[in-house]
Amino acid sequence: EGMISSKIQPIVCIYVPNHRGPVFTIAPKDSILWNEVGTTVGEVESQLLPPDSTVIRESCDYAGTIPVKYLIPHWENENRVYFSDQMSTQLKNAAFYVDKGNWKAAEKIWRSISKNKKGQGTLMKMSFNMALYCEVNSQFGEALKWIDKARTHLMTKCKASKPEELAGKSAYYYDLIKEYEDILKKRKEKTSQLKIQLARFNNENK
């Protein structure tokens, strides 16, 4: 078995006129791994593993792509969770609409359940789902309001005043809500920065 590991750290310094030194430096780290298995050492070294010239070329090619996401707006796929229930026809329908990308139809169901149900556990889950709907539609302020409602319903359900009083599944739900709240806050901040960046391009095109 033979292995080659290439450690990569491109460095990009950004300068502006009338400013001494770089205003921003990007130095992200990454790596590429080649791993091959053969019948002899000679086969692995001479036939299967790439030569040094190939390792250097492919490492340099890849290094050029790493800073791109720090320099220009781009899309990233992220995983999200939401609450469903196979025993509930309404929530099964909502999950079906989510799978089909029909978020508005799913939102109508979640909002209807929020209005008609009184159980704090159900209200917590629907508020969490509504926060996700708002995030999908870039309504981060509304999403944060809904996630705060989800936390309030959870604490009311457990008759707790502090997170330390929660245990088991309730503690897991609290951590889930807190983690999602942090994600929403970061997305809201990044979206504001993105609007400023894109406004620059709009001004240049006028």
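Quick look at the structure, then. (Residues numbered from 1 in each chain as written. Predicted model: local features only at pLDDT ≥ 70, side-chain atom pairs only at ≥ 80, totals over all residues. Heavy atoms only, no water.)

So, on to the packing of aromatic side chains. Across all of its chains, the model carries 7 aromatic pairs by this definition. With centroids separated by 5.3 Å and ring planes inclined at 80 degrees, the aromatic side chains of Phe 83 and Phe 128 adopt a geometry described as edge-to-face. Here Phe 128 lies in helix α6 (residues 120-136) and Phe 83 lies in the loop between α3 (68-71) and α4 (89-99), a separation of 45 residues in the sequence. Of the two residues, Phe 83 and Phe 128, both sit in the buried class. One aromatic cluster is present, built from ring pairs that chain together Phe 83, Phe 128, Tyr 172, Tyr 173 and Tyr 180. Geometry around Trp 146 places Lys 149 over its ring, the cationic atom sitting 4.2 Å from the centre. (Phe/Tyr/Trp six-rings, centres within 6.5 Å; stacked < 30°, edge-to-face > 60°. Helix = DSSP H or I, 4+ residues; strand = E, 2+ residues; numbered from the N terminus. Buried < 20%, exposed > 50% of the residue type's maximum accessible area, 1.4 Å probe, protein only. Lys NZ or Arg CZ within 6 Å of the ring centre and 35° of its normal.)

Moving on: unusual backbone geometry. The phi torsion at Asn 18 lies on the positive side, around 60 degrees, for a residue other than glycine. Take Asn 18: it is sitting in the loop between β2 (12-14) and β3 (24-26). Judged by its relative accessible area of 86%, Asn 18 is exposed. Phi at Lys 159 is positive, roughly 55 degrees, even though this residue is not glycine. Looking at where Lys 159 falls in the secondary structure, it is placed in the loop between α7 (140-158) and α8 (168-205).

Glancing now at the packing of α6 against α7. Two numbers describe how α6 lies on α7: the axes approach to 8 Å, and their chain directions differ by 165 degrees. Classified by the angle their axes make, α6 and α7 are roughly antiparallel. Both α6 and α7 take part in a crossing whose hand is left-handed. On α7, the residues touching Gln 120, Gly 121, Leu 123, Met 124, Ser 127, Phe 128, Met 130, Ala 131, Cys 134 and Glu 135 of α6 are Phe 140, Glu 142, Ala 143, Trp 146, Ile 147, Lys 149, Ala 150, His 153, Leu 154, Thr 156 and Lys 157. When its residues are assigned to classes, the contact of α6 with α7 shows 12 nonpolar, 5 polar and 4 charged. (Axes fitted to C-alpha atoms, helices over the stretch in contact; angles between N-to-C directions. Parallel < 35°, antiparallel > 145°, perpendicular 65-115°, else oblique. Left-handed = near helix turned anticlockwise from the far one by under 90°. Contact = heavy atoms within 4.5 Å. Nonpolar A, V, L, I, M, F, W, Y, C, P; charged D, E, K, R; others polar.)

We now examine the side chain of Asn 129. As for its placement among the helices and strands, Asn 129 is situated in helix α6. The buried category is assigned to Asn 129, whose relative accessible area is 0%. The contact partners of Asn 129, leaving out residues within four places of it in the chain, are Tyr 82, Phe 83 and Trp 110.

This part covers the environment of Glu 165. By secondary structure assignment, the location of Glu 165 is in the loop between α7 and α8. Other than its neighbours up to four places away in sequence, Glu 165 contacts Lys 159 and Ala 160. A distance of 3.0 Å separates a polar side-chain atom of Glu 165 from the backbone nitrogen of Ser 161. (Polar contact = N/O pair within 3.5 Å; in protein donor to acceptor, adjacent residues only side chain to side chain.)

Let us now look at the pattern of salt bridges. Following the criterion strictly, the structure yields 9 salt bridges and no others. Residue Arg 80 pairs with Glu 78 through a salt bridge whose shortest N-O separation is 3.0 Å. For Arg 80, a relative accessible area of 26% puts it in the partly exposed group. Salt-bridge contacts for Arg 151 lead to Glu 181; the nearest nitrogen and oxygen are separated by 2.8 Å. In this pair, Arg 151 sits in helix α7 while Glu 181 sits in helix α8, placing the two residues 30 residues apart along the sequence. An identical accessibility class is assigned to Arg 151 and Glu 181; each is buried. Within the structure, one salt-bridge network assembled from shared partners comprises Glu 78, Arg 80, Glu 135 and Arg 187. (Salt bridge = Lys/Arg side-chain N within 4 Å of Asp/Glu carboxyl O.)

Where nonpolar side chains cluster on the molecular surface, the patch consists of Val 68, Tyr 70, Leu 71 and Ile 72 and spans about 360 Å² of accessible area. If you trace the backbone, Val 68 turns up in helix α3. Given a relative accessible area of 38%, Val 68 falls into the partly exposed group. (Patch = residues over 30% accessible without salt bridge, like charges linked within 9 Å, V, L, I, M, F, W, Y side chains within 5 Å. Areas by Shrake-Rupley, 256 points an atom, 1.4 Å probe, with all protein chains shown as cover.)

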